[in-house]
Amino acid sequence: MDFKELEDIEHKIEEREDFSGEKVRPLIIFFPKNEEEVVRIVKFARKVKIPIIPWGSGTNLTGAASCDKNCILIDMSKMNKILEINDVDWYVRVQPGIKLIDLFEELEKKGFMLPPDPASFFLCSVGGAVAESSGGMKGVRHGSFREWVLALRVVLPDGEVIKVGEPLRKNRAGYDLVHLFVGSEGTLGVITEIWLRIIPLPKRKMVMISALLKDFESVGEVIVGLRKNRILPELSEYVDADVVRALNKHLNANLKETEGGMLLISIEEDMVNDVLKVLEGKTIDVKVAEGEEAEKLYSLRAQAAIAVKAESGNVFYAEDIVVPVSKLPEAIRRLKEIGRKYNTKFYVISHIGDGNLHPNIIIEDKDTRERAFEEIARMAIELGGSVSGEHGIGVQKAKLMAEQIAKHNGIRVLDLMYQIKKLIDPDDIMNPNKYVELAYKFLNNSSN
Ligand SMILES: Cc1cc2nc3c(=O)[nH]c(=O)nc-3n(C[C@H](O)[C@H](O)[C@H](O)COP(=O)(O)OP(=O)(O)OC[C@H]3O[C@@H](n4cnc5c(N)ncnc54)[C@H](O)[C@@H]3O)c2cc1C
């Protein structure tokens, strides 16, 4: 393929791999430095009918940016500026390639925060987090990116640029196209500018309660207990005993190892006693940390997936199931049963407070690994939950997403989603054969 007309745009040829281990072998990688260059690349790709894959930092866990040979990768890392921090209307406007951690640091200097904090915040791009509608450790109180995006500029697959939404807290003008693009996994267009809502840093003192639990089952009971007592932590995160061991082994975490794993609850200092009451009888040890000690625990939790990946020797599937919080005890019991059936441990990392469990499946044999993966996802569907709370669908979960939508919403809904994809991208060049499109194909092939 001759890329001569784009040769003034920074580019290189290399193979990559996303965090899920999916291969990315593009014909070429472009590094646009502004929207105009993105438009030129997209128009070229459309003319020659080559798929385009946007790339943030490649930390997705679902093969969402994978491609085998016939594609152009658009690496957004050179479009990494903060364009505006508005301290009256309380929004920030950024280019998509900025690292989330860099944005957090700049906002903090000005007394602001953007709450959604995927545990990959020290690696991932803001554009990637928006395209995945990532959640994070503070999701229990603040939700995922979906709740924080106000407006977007997007280069559509025909090269036209649109702006959807406004940097307004309220805006009822028309169908909500902003949230069509949020979580669209690069399948509808390339996001080139993002307006995000921000809030002032909290003034009340926060502390981190770290509870070593008696057993795995206790964690579900504690979360239900918090809910019944109307307690809403800023963060309630869980890592099971095997993840604690992996953190000690690979990141020298120096955490105490117990069979029940560790629950972290960040909450206002004046709420500590209420939480301790709920924890009564469920723990072996409880500590209340603040300052640097609390930050260390937060940072270890953020790196838990890195420790699990190191432990796995690259053969892990990261589940992202969500169940209604009321069903957590049942989901945990059934997860243990599935573990026994497959004679394996699941290395559970969890945003447990909002019912979002990440069992990580480390089984050498691919077929068995896939069977366990599907059984867990189907268990979530059966309990009224979802196959993905925040990691998205990519290629790995498309079949299961089709099953979920067919069961909970009906096939007409998936059909509508597919029609939207076809309307916006009739030539099927934007990150094709993934997510909605792939789910639609699974459903149609299985019903034929
Ligand atoms: C250690 C670790 C911890 C994690 N923890 C969490 C967590 O707590 N919560 C959570 O939700 N997720 C988590 N994740 C997964 C999460 O999806 C990603 O980390 C992140 O949000 C993706 O950002 P990225 O920049 O790496 O995007 P990439 O992986 O590069 O891309 C992700 C998707 O977005 C698309 N995309 C990227 N940029 C653009 C753009 N400008 N326009 C259009 N589409 C674009 C890509 O095509 C792809 O489909 C974790 C991952 C790791 C490795």
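In this text the structure is predicted, and so the values were computed from the model without any measurement. (Residues numbered from 1 in each chain as written. Predicted model: local features only at pLDDT ≥ 70, side-chain atom pairs only at ≥ 80, totals over all residues. Heavy atoms only, no water.)

Novice: Help me understand helix α12 (residues 366–382), please; the structure alone is not making it clear to me.
Specialist: Across its 17 residues, α12 extends 24 Å between first and last C-alpha, which sits within 8% of the 24 Å expected from 1.5 Å per residue. Of all the positions in α12, only T368, R369, A372, F373, E374, I376, A377, M379, A380 and I381 are classed as buried. Looking at the buried side of α12, the elements it contacts are β19 (316–318), β20 (321–322), α11 (328–341), β22 (356–362) and α13 (398–408). (Helix = DSSP H or I, 4+ residues; strand = E, 2+ residues; numbered from the N terminus. Expected span 1.5 Å × (residues − 1). Buried < 20%, exposed > 50% of the residue type's maximum accessible area, 1.4 Å probe, protein only. Contact = heavy atoms within 4.5 Å.)

Novice: Explain helix α1 (residues 35–48) to me, please; I cannot follow it from the model alone.
Specialist: Count 3.6 residues to each turn of an α-helix, and residues three or four apart come out pointing the same way. Here α1 is 14 residues long and its end C-alpha atoms lie 20 Å apart, about the 20 Å a rise of 1.5 Å per residue gives. Looking at the buried positions of α1, the neighbouring elements they touch are β4 (28–30), β5 (52–55), β7 (72–75), β11 (149–155), β12 (161–165) and β13 (190–197). Looking one or two places after α1, you find K49, whose phi comes out positive at around 55°.

Novice: Sorry, what's going on with the domain arrangement of the chain here?
Specialist: Looking at the assigned domains, one finds that the chain contains domain 1 (4–76), domain 2 (78–200), domain 3 (206–396) and domain 4 (399–447). Summarising the inter-unit geometry, the C-alpha centres of domain 1 and domain 3 are found 34 Å apart. Contact with domain 1, which involves 10 residues of that partner, is made by 12 residues of domain 3. Overall, the association of domain 1 and domain 3 removes approximately 840 Å² of surface from exposure, summing both partners, and the carbon and sulfur fraction of that is 56%. Of all residues in domain 1, F19, L61 and T62 give up the largest surface area on contact with domain 3, accounting jointly for 69% of the area buried on that side. There are 0 salt bridges connecting domain 1 and domain 3. Here domain 1 is connected to domain 3 by 3 residue pairs in polar contact (both at pLDDT 80 or more). For the side of domain 1 that touches domain 3, a count of residues per class yields 3 nonpolar, 4 polar and 3 charged. (Domains from an automatic or database assignment. Buried area = accessible area lost by both parts, 1.4 Å probe. Salt bridge = Lys/Arg side-chain N within 4 Å of Asp/Glu carboxyl O. Polar contact = N/O pair within 3.5 Å; in protein donor to acceptor, adjacent residues only side chain to side chain. Nonpolar A, V, L, I, M, F, W, Y, C, P; charged D, E, K, R; others polar.)

Novice: Is there a simple way to think about the packing of α13 against helix α14 (residues 411–424) in this case?
Specialist: Think of two packed helices as two axes; the pair is described by the angle between the axes and how far apart they sit. α14 packs onto α13 with a crossing angle of 125° between their chain directions and a minimal axis gap of 6 Å. Judged on the interaxial angle alone, α14 and α13 are oblique. On α14, the residues that touch M401, A402, I405 and A406 of α13 are I411, V413, L414 and M417. Looking at side-chain class alone, the contact of α13 with α14 contains 8 nonpolar, no polar and no charged residues. (Axes fitted to C-alpha atoms, helices over the stretch in contact; angles between N-to-C directions. Parallel < 35°, antiparallel > 145°, perpendicular 65-115°, else oblique.)

Novice: For this particular structure, what's the right way to read the sheet that holds β12?
Specialist: The sheet built from 5 strands is open, its strands ordered β8-β9-β13-β11-β12 with antiparallel pairing. Because the sheet does not close on itself, it has two edges, and the strands there are β8 (82–86) and β12. Pairwise comparison of adjacent strand axes, ignoring direction, gives a mean angle of 10° for this sheet. Of the pairings in the sheet, the one linking β11 to β12 comprises 5 bridges and is antiparallel in character. Across the sheet, V155 pairs through a bridge with V161, a residue of β12. This element, helix α2 (residues 100–109), spans β8, β9 (91–94) and β13 of the sheet and lies at about 35° to β8. (Pairing = 2+ DSSP bridges.)

Novice: Please clarify how the sheet that holds strand β2 (residues 16–17) should be interpreted in this entry.
Specialist: Where strands meet in a sheet, backbone hydrogen bonds hold them as pairs that are either parallel or antiparallel. Strand order across the open sheet formed by 3 strands is β2-β3-β6, with mixed pairing between neighbours. Here the strands that pair on one side only, and so sit at the sheet edges, are β2 and β6 (67–68). One ladder, built from 2 bridges, connects strand β3 (residues 23–25) with β6; its direction is parallel. Counted as the bridge partner of R25 is D68 from β6.

Novice: I keep staring at the state of the cysteines and nothing clicks. Help me out?
Specialist: A covalent bond between the sulfur atoms of two cysteines is referred to as a disulfide. Under the counting rule described, the total for this entry stands at 1 disulfide. In this model, C67 is linked to C71 through a disulfide, with the two sulfur atoms separated by 1.9 Å. Taking the sign of the torsion about the S-S bond as the criterion, the disulfide between C67 and C71, at about -70°, is left-handed. For the pair formed by C67 and C71, the shared burial category is buried. (Disulfide = S-S within 2.5 Å.)

Novice: Can you walk me through the site of the ligand in this structure?
Specialist: Lining the immediate surroundings of the ligand are 35 residues, of which P54, T59, S120, S125 and S134 lie closest. Contacts to the ligand include S57, whose backbone N or O atom sits 2.9 Å from an oxygen atom. In this structure, N431 approaches the ligand through a side-chain N or O atom, which is 3.5 Å from an oxygen atom. With the chains in place, 99% of the 980 Å² that the ligand exposes on its own is no longer accessible. The set of elements that each furnish at least two residues to the shell around the ligand consists of β5, α3 (126–132) and β13. (Near = heavy atom within 4 Å. Areas by Shrake-Rupley, 256 points an atom, 1.4 Å probe, with all protein chains shown as cover.)

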